[in-house]
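# Topology and contacts: notes
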Amino acid sequence: MQLTVEALTSGYPGHTAAVDGVDLTIPSGQVAAIVGPNGCGKSTLLRSISRLHKPSSGTVRAGDEDVWQLTQRRAAHRIALLAQSPQAPEAVTVAGLVRYGRHPHQGLFRQWSREDEAAVREALEATGTTDLATRRLDHLSGGQRQRCWLAMVLAQQTPIVLLDEPTSALDLGHAVEVLSLVREVAAAGRTVVMVLHDLASAARYADTVIAMNAGKIVANGPARDVVTAELVKELYGIDADILRAPGDGSPVVVPSAKARSVRAPEKTAQAAEETVQAPGETAQAPEKTVQAAEETAQPPEKPVKQSG
Amino acid sequence: MSAPEIPEAGAPEALKAAQADITPPDSTAVRAGAFSWLFPYRSALAAVGLTLVIGVVVALATFASSTGMSFSDSLSGLLGTGDYATVMLVQDFRLPRIAVGLMVGAALGIAGCLTQTLAGNRLATPDIIGVNEGATAAVVASVVGSSTGMIGDWWLGPLGAAAAAMVVVACAGGAGSGGYRILVVGIGVSTVIGAVTDLVMSRENDNTAGGVFLWTVGSLSGRDWSVGTPLSFVLLVLVPLSLVAGSRLQLLRFDDDMAATLGVNVRRVRALTLALAVALSGVAVGIGGPITFVALAAPVVAGRLSGPTRVPVIGSALVGAALVGAADALGRVVAPVEIPVGVITSVLGGPFLLWVLFGKNSEQTGKA
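The structure presented is a predicted model; accordingly, all values stated were derived computationally and were not measured.

### Describing the interface of chain B and chain A
How big an interface is tends to be expressed through the accessible area that disappears when the partners come together. Contact with chain B, which involves 34 residues of that partner, is made by 43 residues of chain A. Residues belonging to the side of chain B that touches chain A are distributed by class as follows: 19 nonpolar, nine polar and six charged.

### A few points about the packing of helix α9 (residues 225-249) of chain B against helix α11 (residues 266-288) of chain B
Residue and element names in this part refer to chain B. Where α9 meets α11, the closest approach of the two axes is 10 Å, and the angle between their N-to-C directions is 155°. The pairing of α9 with α11 is recorded here as roughly antiparallel in orientation. In this structure, the crossing between α9 and α11 has a hand that is left-handed. Listed contacts from α11 to Val227, Leu231, Val234, Leu238, Leu241, Ser242, Ala245, Arg248 and Leu249 of α9 are Val269, Leu272, Thr273, Leu276, Ala279, Leu280, Val283 and Ile287. Looking at the contact of α9 with α11, its residues break down into 14 nonpolar, two polar and one charged.

### Side note on helix α4 (residues 114-126) of chain A
All names here are of chain A. In a regular helix each residue adds 1.5 Å, so 13 residues correspond to 18 Å; α4 covers 18 Å between its end C-alpha atoms and thus fits that length. The set of residues buried in α4 consists of Asp116, Ala119, Val120, Arg121, Ala123 and Leu124. Contacts made by the buried residues of α4 are with α3 (94-100) and α5 (142-155). Once α4 ends, the next one or two residues include glycine 128, with phi positive near 65°.

### Focus: the sheet that holds strand β9 (residues 208-213) of chain A
Backbone hydrogen bonds are what pair the strands of a sheet, in a parallel or an antiparallel way. Residues and elements named next belong to chain A. If you walk across this open sheet you meet the six strands as β6-β7-β8-β3-β9-β10, and the pairing is mixed. Only two strands of the sheet have a single neighbouring strand rather than two, namely β6 (79-82) and β10 (216-221). Within this sheet the neighbouring strands show an average axis-to-axis angle of 15°, counted without direction. Two elements, β6 and strand β7 (residues 160-164), share four bridges in a ladder whose sense is parallel. In the strand pairing of β7, leucine 82 is matched with leucine 163. Relative to the sheet, helix α1 (residues 42-49) contacts β3 (31-35), β6, β7, β8 (191-195) and β9, its axis offset from that of β7 by approximately 150°.

### Details of the sheet that holds strand β2 (residues 19-26) of chain A
The four strands lie next to each other as β2-β1-β4-β5 (chain A), forming an open sheet whose pairing is antiparallel. Each edge of the sheet is formed by a strand with only one pairing partner; in this case those strands are β2 and β5 (65-66) of chain A.

### Brief notes about the confidence of the model for chain B
Residue and element names in this part refer to chain B. Averaged over every residue, the pLDDT of chain B is 81; the share at 70 or more is 86%. Between the elements of chain B, mean pLDDT differs from a low of 46, seen in helix α1 (residues 11-18), to a high of 93, seen in helix α13 (residues 313-333). For this predicted complex, the interface confidence reaches an ipTM of 0.79, while the overall pTM sits at 0.80.

### Concerning α9(B)
The end-to-end C-alpha distance of α9(B) is 33 Å, a good match for the 36 Å that 25 residues give at a rise of 1.5 Å each. At Leu235(B), α9(B) shows its maximal bend, which comes to roughly 25°.

### Here we look at the pairing of strand β4 (residues 57-62) of chain A
Residues and elements named next belong to chain A. Pairing of strand β1 (residues 3-10) with β4 involves five bridges; the strand directions are antiparallel. The residue of β4 that forms the bridge with glutamate 6 is threonine 59. Summarising the sheet, β4 and β5 pair through two bridges and their orientation is antiparallel. Note on β5: the bridge partner recorded for alanine 62 is glutamate 65. Between the end of β4 and the start of β5, which pair antiparallel, lie two residues, with glycine 63 showing a positive phi angle near 65°.

### Here's the deal with the packing of helix α4 (residues 84-119) of chain B against α9(B)
All names here are of chain B. Contact geometry for α4 and α9: axes closest at 10 Å, N-to-C directions at 25°. Our classification of the angle between α4 and α9 gives roughly parallel. Here α4 runs over α9; the crossing is left-handed. Only Trp225, Val227, Gly228, Leu231, Ser232, Leu235, Val239, Ser242, Ala245 and Leu249 of α9 make contact with α4, whose side of the interface consists of Pro96, Ala99, Val100, Met103, Ala106, Ala107, Ile110, Leu114, Thr117 and Leu118.

Analysis parameters
Residues numbered from 1 in each chain as written. Chains lettered and ligands numbered in written order. Predicted model: local features only at pLDDT ≥ 70, side-chain atom pairs only at ≥ 80, totals over all residues. Contact = placed C-beta atoms within 7 Å. Nonpolar A, V, L, I, M, F, W, Y, C, P; charged D, E, K, R; others polar. Axes fitted to C-alpha atoms, helices over the stretch in contact; angles between N-to-C directions. Helix = DSSP H or I, 4+ residues; strand = E, 2+ residues; numbered from the N terminus. Parallel < 35°, antiparallel > 145°, perpendicular 65-115°, else oblique. Left-handed = near helix turned anticlockwise from the far one by under 90°. Expected span 1.5 Å × (residues − 1). Buried ≥ 20, exposed ≤ 12 C-beta atoms within 10 Å, placed from the backbone. Pairing = 2+ DSSP bridges. pLDDT = per-residue confidence, 0-100. Bend = angle between axes of the 7 residues up to and from the residue.

Below is the structure:
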């Protein structure tokens, strides 16, 4: 199902629009990654598409239906969203969590149909979580948990799947695992839109990279056309070299050693320290670890990015 | 972080994985064509057990007497074969009072179940969030100026409860706001309203104040079918609605965003649930006075019996009914002078509260 966003403007009262006149078309079976600096409006865009934040103007269409005209339940048949750090019911098991994904399809006379059962099994299988089905979610590792959440979203069987930074709390290995899974989901015909912080994974795993800055789309197209040194400069205010991965020629962003001009220079020393320390902080700040793992090869001038 | 568990390729493992039980726990799927239901056998078993308990409570209450009426006298009164006074005592006083007690308990149990689930906190009962105080104040205020000092206008209970709830919701920033704010504001509002109630009472003469006081601790004394009949009609409407609310509330165990993307209209569900809880506890308090502890305990006990996966609306009703029924019967016979049901439940409530707070039950009551 094609996802269409037209002239969407969305924001919070008293502030400039977080999303400012965005137009997008994402065809069936494609993976689109939205990238951009913190506060560029990418999360608000995702929330406006998934009916969590009412846009002030513009339309969001799933196929040819206006998403904001549907009932909550009908919308949940079209669009599923995996938020950044969702909160699970206490003591829920993996199977219990994934079953909740079937809620939009259930009712007083349809409480646990064969379709529900098949969808849950399928989702567990696709995410490799079948063996975890009877385990408690809070007893699992971060990587396992994320796959379980993904299973829940898949069990919802929506043609459109939205993911808000699905890899932000994962180490490199688990992040790649989840992103590969995302590709499989799209290959099965679903439309996937995800917000990603990491340009390199966006470039490698998405068919389309959508770059946002200050609420507007500044670039939209295949990664190898879109990810340029100019774009990186525009989004993050840093100079970078764009290399080509030896395997498939997808762009790799290597920030230059020069300190970025927009940030105060005194922060650099502290940031460098954080980068060095980050691997030891795994327990407290897993998202930092991911960043650190990717950034250890880089010069220390670049401050550690915060997710958000 | 451990390595991801990849299913073994071997056939036995694959077979075992394919058969992993994913049916909701404690339930059996019943399917017919396009229709399917889940029969919650554990909840059903609990309901049967509780019904039996209520049966025993009713039987004991029917034959329990503070005046030393013998078993055979009570039986003859029940069957209508005894003398006029005995028949009247049993059939017109004792039986309706038992019935009203059961219904009041059921209403309190459901109200507690709804507010606890809504706020995601075992302590968020109507007692605490100001609804009961509102109902009490309204009924007490109605007595002021009336010469008889009788508590009669039970329907003022729900009105007062609704007024208090509106104040709490307005101060907490809407019915859709998080449970924590509702709790804090509720405690504040109920203290204020409680003070008003005390003030009104202190200005009454001793006779009136004495009669009212008995009621303000929770008493079913003298309640008969004149309140029992309207109460049963109210419950006939509110209980099915509560069942619907309960099934939706299950999704609010996620955060609101997740519940919304799973197709739940979060604001509507919250508002409906709060309205139901206010109506139920308001009616219950209007009739029986602010009987404490039942709304706190019934859902906790029911949750234990029927398992953690469901919102135990029916179970809470049954436990509440059993509690109030038993406490009222106990209060009638345990001392020479009748002890109001609310006093009995308060005495039981303290230890229970401590058990909820400190008991080794953090897995199920993690947020308490």
